[in-house]
Amino acid sequence: MRSRALVFRSLLALSAALLLQFAVLLGLLAHVTQEQTRAEMEHRAAALAAAVTPALLGHDLVGLQVLGLSFLHPPLSRLSVSDARGETLTMAGKDERARRHLQRAIVEQGQLLGYVHLDWDDTTSDQLAGRCLSSIALLALIDLGLLAFALLALPRRQSSAAASTTQAARPDTDLSRLHLRIDDPQPTPETAGALEDLLFHLAEESGSVLTGNGQHGYALEFSQENRVERQWQALQCCIAALTLAPSRCGLNLRAGLAHGRQSTRGELCERSQRLSHSAPSGHALLDEQDMLPLLAQRAVIAQKVRMELGSDMGVHKLLCVQRLQPEYQSLLDRRLDGRAG
């Protein structure tokens, strides 16, 4: 959140600085244009004063009118020539509420003959000022759009960075997977439903995750951090399922239990499924690889076999288990009886 506020303030300050610089630049351009226009008007006034001097001396009002019209062109909107007393002798153009005015005296050999009056609208400066405002508004909209885009993109980038950091920091944890198959050829919907209820309660009690269905088999995944407790919990659920399924659901099961790493979960799933496929009815095949001696001591090993799991997995030693050692089996039986009561 702090980083987001810092980026917001930085972008806002940068946008304000750019807009201010642009406004100052266009203001200077408008001022320069105004000064150039006024210099041009002063030059016209001097030229008009020199041109009308002979007509003033000869009281030629027609000549004054012709000269006035010849000098009238944009941005000049009106001009007039008056005598020394200020009475207008000739006028050209219309009063369009000009905002710029210039008066120049007509002097010949030290004698004041009259005045030249020029009126104009500095349309170039006005247009430049309008363009200045339009450009500033457009830049403001662009800056606001960029600012909004940056603020919207920032949380995503932060989330992606946080996710990458979390993923990099997350250890490659161990995983135990129990796969159960129904050994009966065609279970009824009632027996399949009872089995699913049983497995759901076992998963809930052990803190594991239940997936699958009756056609392809069920899977319980255990991910406790303590390796011994995780494997022991998986083995207890395996024996409980094999024990309770015939008595409560009228179904015989075959089980496969394998242990591995989270990063090789796909291989672990395939191993557990092949183990359950090859297990005898009512028994579980346990991959001896990575099994702790403690777990082997707690289980009654019916037989020890070797099984080919595939060219990519090699040959593994397997333990065929149906029950736990008497003292551990009695503890499990009391737990199962207590839950049944």
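Since we're looking at a predicted model, the values are computed, not measured.

Peer 1: How should I be thinking about the packing of aromatic side chains in this particular structure?
Peer 2: For any pair of aromatic rings, the description consists of the separation of the ring centres together with the inter-plane angle of the planes. If you walk through the whole model with that rule in mind, you get one aromatic pair. With 5.4 Å between their ring centres and 70° between their planes, Trp232 and Tyr328 make a pair best called edge-to-face. Highlighted residues: Trp232 in helix α5 (residues 227–249) and Tyr328 in helix α8 (residues 326–340), separated in sequence by 96 residues. The exposure class assigned to Tyr328 is partly exposed, which follows from its relative accessible area of 23%.

Peer 1: How do you make sense of helix α2 (residues 61–71) when you look at a structure like this?
Peer 2: Given 3.6 residues to a turn, an α-helix orients residues that are three or four positions apart in the same direction. Among all positions in α2, only Gly63, Leu64 and Gly68 are buried. Buried residues along α2 cover an arc of 135° about the axis, so they all sit on one side. Exposed positions of α2 whose direction lies more than 90 degrees from the buried face are Val62 and Val66. Of the residues that open α2, the one with a side-chain oxygen 3.4 Å from the backbone nitrogen of Val62 is Asp60.

Peer 1: Please explain the pattern of salt bridges as it appears in this structure.
Peer 2: Pairing is possible between side chains that carry opposite charge, provided their charged atoms lie close to one another. One pass over the structure, following the stated rule, counts ten salt bridges. Here Arg38 ties to Glu42 by a salt bridge, and the two come within 4.0 Å at their closest N and O atoms. Of this pair, Arg38 and Glu42 both sit in helix α1 (residues 2–57), four residues apart, roughly one helical turn. In this structure, Glu40 engages Arg44 in a salt bridge whose closest nitrogen and oxygen atoms are separated by 2.9 Å. You can see Glu40 and its partner Arg44 sitting in helix α1, four residues apart, about one turn around the helix. Beyond isolated ion pairs, a larger network of salt bridges with shared partners links Asp174, Arg227 and Arg261.

Peer 1: Just to check I follow, could you spell out the environment of Arg104 for this structure?
Peer 2: For Arg104, the location among the structural elements is in strand β3 (residues 100–108). Separated by ten residues in the primary sequence, Arg104 and Gly114 place their C-alpha atoms 8.8 Å from one another. The contact partners of Arg104, leaving out residues within four places of it in the chain, are Ala45, Ala46, Gly114, Tyr115 and Val116.

Peer 1: Just to check I follow, could you spell out the confidence of the model for the protein for this structure?
Peer 2: A low pLDDT means the predicted coordinates there should not be read in detail. Per-residue confidence for the protein gives a mean pLDDT of 76, with 70% of residues at or over 70. Mean pLDDT values for the elements of the protein range from 57 in helix α3 (residues 123–169) up to 91 in strand β7 (residues 217–222). Predicted confidence is poor over residues 156–170, with pLDDT under 50, and the contacts of this stretch with residues over four places away or in other chains come to two contacts.

Peer 1: Any chance you could explain the nonpolar core here in plain terms?
Peer 2: A general tendency of soluble globular proteins is for nonpolar side chains to be buried together. Counting residues in each nonpolar core, the largest one holds 35 residues, and the members touching the most others are Leu178, Leu195, Leu235 and Leu253. Those elements that place two or more of their residues in this core are β5 (174–182), α4 (189–206), β7, α5, β8 (253–261), β9 (284–287), β11 (315–324) and α8. Of all hydrophobic cores here, the second largest spans 18 residues; its members include Ala45, Val52, Leu76 and Leu79.

Peer 1: Looking at this structure, how should I read α4?
Peer 2: With 18 residues, α4 extends 26 Å between its outermost C-alpha atoms, agreeing within 8% with the 26 Å of an ideal straight helix rising 1.5 Å per residue. Along α4, the positions that sit buried rather than exposed are Thr191, Ala192, Leu195, Leu198, Leu199, Leu202, Ala203 and Ser206. Considered in projection along α4, the buried side chains sweep an arc of 135° and stay on one side of the axis. Facing away from the buried side of α4 by more than 90 degrees, the exposed set consists of Pro189, Glu190 and Glu204. Backbone geometry just downstream of α4 places Gly207 in the positive-phi region, at approximately 75°.

Peer 1: I'm lost on the environment of Glu42 in this one. Help?
Peer 2: Overall, Glu42 belongs to the partly exposed group, its relative accessible area being 39%. Separated by 76 residues in sequence, Glu42 and Leu118 place their C-alpha atoms 9.0 Å apart.

Peer 1: How should I be thinking about the packing of α4 against α5 in this particular structure?
Peer 2: Any two packed helices are characterised by the angle at which their axes cross and by the distance between the axes. Put simply, α4 and α5 touch, their axes get as near as 10 Å, and they point 155° apart. Between α4 and α5, the angle falls in the class roughly antiparallel. Crossing handedness for the pair α4 and α5: right-handed. On the side of α4, the interface is formed by Thr191, Ala194, Leu195, Leu198, Leu199, Leu202 and Ser206, while α5 contributes Gln233, Cys237, Ala240, Ala241, Leu244, Ala245, Arg248 and Cys249. When its residues are assigned to classes, the contact of α4 with α5 shows eleven nonpolar, three polar and one charged.

Peer 1: How should I be thinking about unusual backbone geometry in this particular structure?
Peer 2: Negative phi is the rule for most residues except glycine; trans is the rule for most peptide bonds. Although it is not a glycine, His59 adopts a positive phi angle of roughly 55°. In this structure, His59 sits in the loop between α1 and α2. Of note, the phi angle at Gln109 is positive, near 50°, even though the residue is not glycine. Within the secondary structure layout, Gln109 lies in the loop between β3 and β4 (111–120). Since its relative accessible area comes to 79%, Gln109 is described here as exposed.

About the thresholds
Residues numbered from 1 in each chain as written. Predicted model: local features only at pLDDT ≥ 70, side-chain atom pairs only at ≥ 80, totals over all residues. Heavy atoms only, no water. Phe/Tyr/Trp six-rings, centres within 6.5 Å; stacked < 30°, edge-to-face > 60°. Helix = DSSP H or I, 4+ residues; strand = E, 2+ residues; numbered from the N terminus. Buried < 20%, exposed > 50% of the residue type's maximum accessible area, 1.4 Å probe, protein only. Arc of directions from axis to C-beta. Polar contact = N/O pair within 3.5 Å; in protein donor to acceptor, adjacent residues only side chain to side chain. Salt bridge = Lys/Arg side-chain N within 4 Å of Asp/Glu carboxyl O. Contact = heavy atoms within 4.5 Å. pLDDT = per-residue confidence, 0-100. Core = buried A, V, L, I, M, F, W, Y, C linked by side-chain atoms within 4.5 Å. Expected span 1.5 Å × (residues − 1). Axes fitted to C-alpha atoms, helices over the stretch in contact; angles between N-to-C directions. Parallel < 35°, antiparallel > 145°, perpendicular 65-115°, else oblique. Left-handed = near helix turned anticlockwise from the far one by under 90°. Nonpolar A, V, L, I, M, F, W, Y, C, P; charged D, E, K, R; others polar.

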